[in-house]
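Structure at a glance
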Amino acid sequence: MPLIVMCGYPCSGKTRRAEELKVYFEENTERKVRIVGDGALGVERNSVYADSQKEKNVRASLKAEVERKVNRDDIVILDSLNYIKGYRYELFCLIKHAQTPHCLVYSLTSDEQSSLWNTDRDAAERYNQDIFAALVQRFEAPDSRNRWDSPLFTILKDDTLPFEAISDALFKRKAPPPNQSTQSQPLSSANFLYELDKITQDVLMVIFNAQKTSVPGDLLSVPGSTEKIELTRSINMAELRKLRRQFISYTKMHPTENTGQIANMFVQYLNKSLH
């Protein structure tokens, strides 16, 4: 059954809203409501969000738990930051694969308000200020124009949740149809598509900028890759973008478990394609 994805700054009221939704649906439907979140995993916030690999592992664990709990009868609420658009896209792919509707509930607060609520928490539940500031800076706000962020319900701190509208979004909409990519991609890396997009774009910019001072025959070093680009001729951005699109299409269908290998794979692909 449907998935509700909570989203917002740290200490923006997401958990309170998730509990309000749980109470509403349990009182007004016969469905069970299951909340999946950092609390259930026993996440130590300051340790996890200070370490990118730990954070990726937590996101993967949360998504795996959502995937296990999504079924024909229950409502699942994912109560976490969900602040990376690439991760929200992967959740969208998950619900397409499961053929169930979803919606996003965005608890919108200012960073000042969230910071104040953070300082009011017990010490064990509080984010360190540096961690809090970094998460706010990295936050990628949802946009209803993106299909993975729609339907989007933006809730201010004094708002009452639009329970009926959320219910209609979940129960009166058809599930998005599955497509080839959602059927074949294992969705094993919590941030795979985001990393694929970012890393390949970074490689393109390295090549484009390096050509200003390089000549054919030079080897170009690429950050994150042990391979080097063999620059045999001048390459314009249009050709690079075309090769990038081809690589992304192929890699979506054959994802790697190790996102650290994406840069090497892309460089190898470019070297073969450009000769």
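Residues numbered from 1 in each chain as written. Predicted model: local features only at pLDDT ≥ 70, side-chain atom pairs only at ≥ 80, totals over all residues. Heavy atoms only, no water.

Concerning the sheet that holds strand β4 (residues 102-107)
The strand order β2-β3-β1-β4-β5 describes an open sheet built from five strands, whose pairing is parallel. Each edge of the open sheet carries a strand with a single partner, namely β2 (33-37) and β5 (152-155). Looking at each pair of strands side by side, their axes are set apart by 20° on average, direction ignored. Where strand β1 (residues 3-8) meets strand β3 (residues 75-79), three bridges bridge the pair, whose relative direction is parallel. Pairing of L3 across the sheet is with V76, part of β3. Contacts from helix α1 (residues 14-28) reach β1, β2, β3, β4 and β5 within the one sheet, and its direction differs from that of β1 by about 155°. Here helix α4 (residues 52-69) sits on the sheet and contacts β1, β2 and β3; the angle it forms with β2, its principal contact strand, is near 165°. (Pairing = 2+ DSSP bridges. Helix = DSSP H or I, 4+ residues; strand = E, 2+ residues; numbered from the N terminus. Axes fitted to C-alpha atoms, helices over the stretch in contact; angles between N-to-C directions. Contact = heavy atoms within 4.5 Å.)

Quick notes on the domain arrangement of the chain
Parsing the chain into structural domains produces domain 1 (3-182) and domain 2 (191-274). On the domain 2 side, the residues contacting the 10 residues of domain 1 number seven residues. Here domain 1 meets domain 2 over a buried area of about 690 Å², counting both sides, of which 59% is carbon and sulfur. Its largest share of buried area at the contact with domain 2, domain 1 owes to K56, Y89 and E90, together 43% of the area lost on that side. Remark: the boundary between domain 1 and domain 2 carries one salt bridge. Of the charged contacts in the structure, one is a salt bridge between K56 and E195, with a shortest N-O distance of 3.5 Å. Where domain 1 meets domain 2, there are one residue pair in polar contact (both at pLDDT 80 or more). Those elements giving two or more residues to the side of domain 1 that touches domain 2 turn out to be α4, α5 (85-98) and α9 (180-184). In terms of residue count, α5 provides more of the side of domain 1 that touches domain 2 than any other element does, four residues in total. Here the side of domain 1 that touches domain 2 is composed, by residue class, of three nonpolar, three polar and four charged. (Domains from an automatic or database assignment. Buried area = accessible area lost by both parts, 1.4 Å probe. Salt bridge = Lys/Arg side-chain N within 4 Å of Asp/Glu carboxyl O. Polar contact = N/O pair within 3.5 Å; in protein donor to acceptor, adjacent residues only side chain to side chain. Nonpolar A, V, L, I, M, F, W, Y, C, P; charged D, E, K, R; others polar.)

Quick look at the pattern of salt bridges
Counted by the stated rule, this structure contains 18 salt bridges. Close ionic contact of R34 with D74 constitutes a salt bridge, the shortest N to O distance being 2.6 Å. Here D74 lies in the loop between α4 and β3 and R34 lies in strand β2, a separation of 40 residues in the sequence. Since its relative accessible area comes to 31%, R34 is described here as partly exposed. For K63, the salt bridge is made with E90, and the minimal N-O distance between the two is 2.7 Å. Remark: E90 occurs in helix α5 and K63 occurs in helix α4; sequence separation between them is 27 residues. With a relative accessible area of 0%, E90 lands in the buried category. Each of R16, R17 and E20 takes part in a single network of salt bridges with overlapping partners. (Buried < 20%, exposed > 50% of the residue type's maximum accessible area, 1.4 Å probe, protein only.)

Some thoughts on the confidence of the model for the chain
For the chain, the average pLDDT comes to 87, and 94% of its residues sit at 70 or higher. No element of the chain has a lower mean pLDDT than α9, which averages 42, and none a higher one than β1, which averages 97. Note that pLDDT drops below 50 for residues 180-188; the model gives that stretch 19 contacts with residues more than four away or on any other chain. (pLDDT = per-residue confidence, 0-100.)

What to know about helix α7 (residues 129-138)
What α7 keeps buried is the set I131, F132, L135 and V136. Looking straight down α7, one finds that the buried residues subtend no more than 135° of arc, so they occupy a single side. Residues of α7 that are exposed and point over 90 degrees away from its buried face: D130 and Q137. Here the buried face of α7 lies against α3 (45-48) and α6 (111-119). (Arc of directions from axis to C-beta.)

What about α4?
With 18 residues, α4 should reach 26 Å at 1.5 Å per residue; the first-to-last C-alpha distance of 26 Å fits that figure. Sitting at the head of α4, D51 places a side-chain oxygen 3.0 Å from the backbone nitrogen of Q53. (Expected span 1.5 Å × (residues − 1).)

Overview of the side chain of T109
Structurally, T109 can be placed in the loop between β4 and α6. Residue T109 is classed as buried on the basis of its relative accessible area of 10%. Within the structure, T109 has its side chain in polar contact with the side chain of S114 (distance 2.6 Å). Setting aside anything within four residues of it in sequence, one finds T109 in contact with Y9, S12, S114 and W117.

A look at the packing of helix α11 (residues 237-253) against helix α12 (residues 262-274)
Contact pair α11 / α12: the axes reach a minimum separation of 11 Å and the direction vectors enclose 125°. Considering their axes alone, α11 and α12 lie oblique with respect to each other. Remark: the crossing between α11 and α12 carries right-handed chirality. Residue-level inspection shows E239, L243, R244, Q246, F247 and T251 of α11 in contact with α12, the latter providing I262, M265, F266, Y269, L270, S273 and L274. Of the residues belonging to the contact of α11 with α12, the class tally is eight nonpolar, three polar and two charged. (Parallel < 35°, antiparallel > 145°, perpendicular 65-115°, else oblique. Left-handed = near helix turned anticlockwise from the far one by under 90°.)

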